[in-house]
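# Examining the three-dimensional arrangement
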Amino acid sequence: MLKTQRLEEQPELAVEAKNLTKRFGKFVAVDHISLEIRRGENFGLLGPNGAGKTTTIRMITGVIKPSEGYVKVFGIDVAKERKKVLKYIGYMPQKFSLYEDLTVEENIRLYGRLQGLTGSLLKDRVKELLERFYLWEFRRRLAGKLSGGMKQRLALATALVHDPTLLILDEPTAGVDPPLRRKFWEHFRELNREGKTILVTTHYMDEAENCDRLALMNRGRIIAEGTPREIKRRALGGDLVEIVFEGNLDPAALPGVKSVMEDSSERYLLVVEDAGRDLPRIVKKAEELGAKILVASPVHVSLEEAFIRFMGESE
Ligand SMILES: Nc1ncnc2c1ncn2[C@@H]1O[C@H](COP(=O)(O)OP(=O)(O)OP(=O)(O)O)[C@@H](O)[C@H]1O
Ligand SMILES: [Mg+2]
């Protein structure tokens, strides 16, 4: 185990941002956002290109200063005590700069030295990371000669070199093929289990389902926040169910139905308050009214669908 400086008593919040704002001239890239990332969770920051994700991350890591508001990492104000904060942060920027004319191993070693590791501590750590991220057999290859996926793996290894407690990953799986993306998420889960907090941005909605909590950004603002399930429920205003029936029936009048979303002759998608509670009531009521229910089942809503709705509302 690597011996780096640790916070003996970390506050519950890994990241706390209040009214965080960044202006570039007159343009507001990040517009008064507030965020709370709990210790040990996997928090996803999502949003279209230009939403302000990277700018937010750069303020959290202290690369740039907020125009307004503040951000604290483990209770420490980043703008005031950046050096202190950096010990706890492992940062994998969106455009990670590896030294292309150094080998895989030399890259990790260099980043380790920059973090103040030396001697056998550094040596052991480099070996551990090479093994952990399946880079051992490529350790003598020049970073410039690596495939995209391997580069991302190396970038992750270097971000972890000083065993940080908060890992900030800006699109770590961009350009990575699906099997390796899955592997990356297994790594993230494992890191969470080790007690690390992860803040990750991604454009892949299927990945975002793996996050404990999410914030969706658009035009510098947070337009939705919560667990993936909460976000989906909020986007629709409830749960989605499907019914197919024979006979005469007005679906809008069934119990628990908040809206009728789509219909094709006798198939309806209904938004209900609570699928578990309302489906049996719907079936019963329909039968009382003399209709025959052929299908009544909850429908899986994708995050993508939920986000498209939120985006539509925020435009
Ligand atoms: N240094 C800068 N000077 C001027 N404008 C900037 C600067 N950095 C970012 N911006 C602008 O701020 C907005 C937010 O950019 P940012 O990189 O934070 O978005 P993002 O959500 O990370 O997008 P992507 O998904 O493409 O990475 C964009 O319109 C961008 O052009
Ligand atoms: Mg970005």
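Computed from a predicted model, the values in this text were never measured in an experiment. (Residues numbered from 1 in each chain as written. Chains lettered and ligands numbered in written order. Predicted model: local features only at pLDDT ≥ 70, side-chain atom pairs only at ≥ 80, totals over all residues. Heavy atoms only, no water.)

## Some thoughts on the domain arrangement of the protein
This is how the line gets drawn: Domain delimitation follows an automatic or database domain assignment. In this analysis, two residues are considered to be in contact whenever any of their non-hydrogen atoms come within 4.5 Å of each other. Accessible surface is computed with a 1.4 Å probe, and the buried area is the amount of it that two parts give up when combined, taken over both parts together. For salt bridges, the criterion is a side-chain nitrogen of Lys or Arg within 4 Å of an Asp or Glu carboxyl oxygen. Polar contact is the term for a pair of N or O atoms within 3.5 Å; when the atoms are in protein, one must be able to donate a hydrogen and the other to accept it, and sequence-neighboring residues count only if both atoms are side-chain atoms. The nonpolar class holds Ala, Val, Leu, Ile, Met, Phe, Trp, Tyr, Cys and Pro. Asp, Glu, Lys and Arg form the charged class, and all remaining residues, Gly among them, are polar.
Assigned domains of the protein: these are domain 1 (13–231) and domain 2 (237–314). Taking only C-alpha atoms into account, the centre of domain 1 sits 40 Å from that of domain 2. Taken together, the contact pairs 13 residues of domain 1 with nine residues of domain 2. For the pair domain 1 and domain 2, the two sides together bury roughly 970 Å², of which 76% comes from carbon and sulfur. It is Met 205, Ile 223 and Ile 231 in domain 1 that bury the most area against domain 2; as a group they hold 45% of the surface buried on that side. Scanning the region where domain 1 abuts domain 2 turns up one salt bridge. At the junction of domain 1 with domain 2, the criterion picks out zero residue pairs in polar contact (both at pLDDT 80 or more). Considering only residue class, the side of domain 1 that touches domain 2 consists of 10 nonpolar, one polar and two charged.

## Some details on the coordination of the magnesium ion (ligand 2)
Going by this rule: A 2.8 Å cut-off from the metal defines N, O and S donors, relaxed to 3.2 Å for Na, K and Ca; water is not in the atom list, so some sites may appear incomplete. For the purposes of this entry, the term helix denotes a DSSP run of H or I that reaches at least four residues, the term strand denotes a run of E that reaches at least two, and both are numbered from the N terminus. Partly exposed describes any residue whose relative accessible area lies between the buried limit of under 20% and the exposed limit of over 50%, with all areas from a 1.4 Å probe on protein chains only and scaled to the type maximum.
Within the protein, the magnesium ion (ligand 2) binds to Thr 54 (OG1) and Gln 94 (OE1); these donor distances fall in the range 1.9 to 2.2 Å. Here Gln 94 lies in the loop between strand S6 (89–92) and helix H3 (104–114) and Thr 54 lies in helix H1 (residues 53–60), a separation of 40 residues in the sequence. Judged by relative accessible area, Gln 94 falls into the partly exposed class, the value being 38%.

## Brief notes about the side chain of Glu 171
For clarity, the cut-off: Positive charge is attributed to Lys and Arg, negative charge to Asp and Glu, and no charge count is given to His or to the chain ends.
Structurally, the position occupied by Glu 171 is in the loop between strand S7 (166–170) and helix H6 (178–193). Among buried charged residues, Glu 171 stands out as having no salt bridge; its nearest opposite-charge side chain is Lys 53, 4.6 Å away. Side chain to side chain, Glu 171 and His 203 meet in a polar contact 3.4 Å long. Other than its neighbours up to four places away in sequence, Glu 171 contacts Lys 53, Gln 94, Gln 152, Thr 201, Thr 202 and His 203.

## A closer look at the pattern of salt bridges
The final tally for this structure, using the stated rule, is 28 salt bridges. Ionic pairing is found between Glu 128 and Arg 125, a salt bridge with its closest N-O pair at 2.9 Å. Of this pair, Glu 128 and Arg 125 both sit in helix H4 (residues 119–132), separated by three residues, roughly a single helical turn. The class for Arg 125 is buried, based on a relative accessible area of 5%. Here Glu 207 and Arg 181 are joined by a salt bridge, their closest N and O atoms 3.0 Å apart. In this pair, Glu 207 is assigned in helix H7 (residues 205–208) and Arg 181 in helix H6, connecting sequence segments 26 residues apart. For Arg 181, a relative accessible area of 11% corresponds to the buried category. What you see here is one network of salt bridges that share partners, running through Arg 125, Glu 128, Asp 163 and Lys 196.

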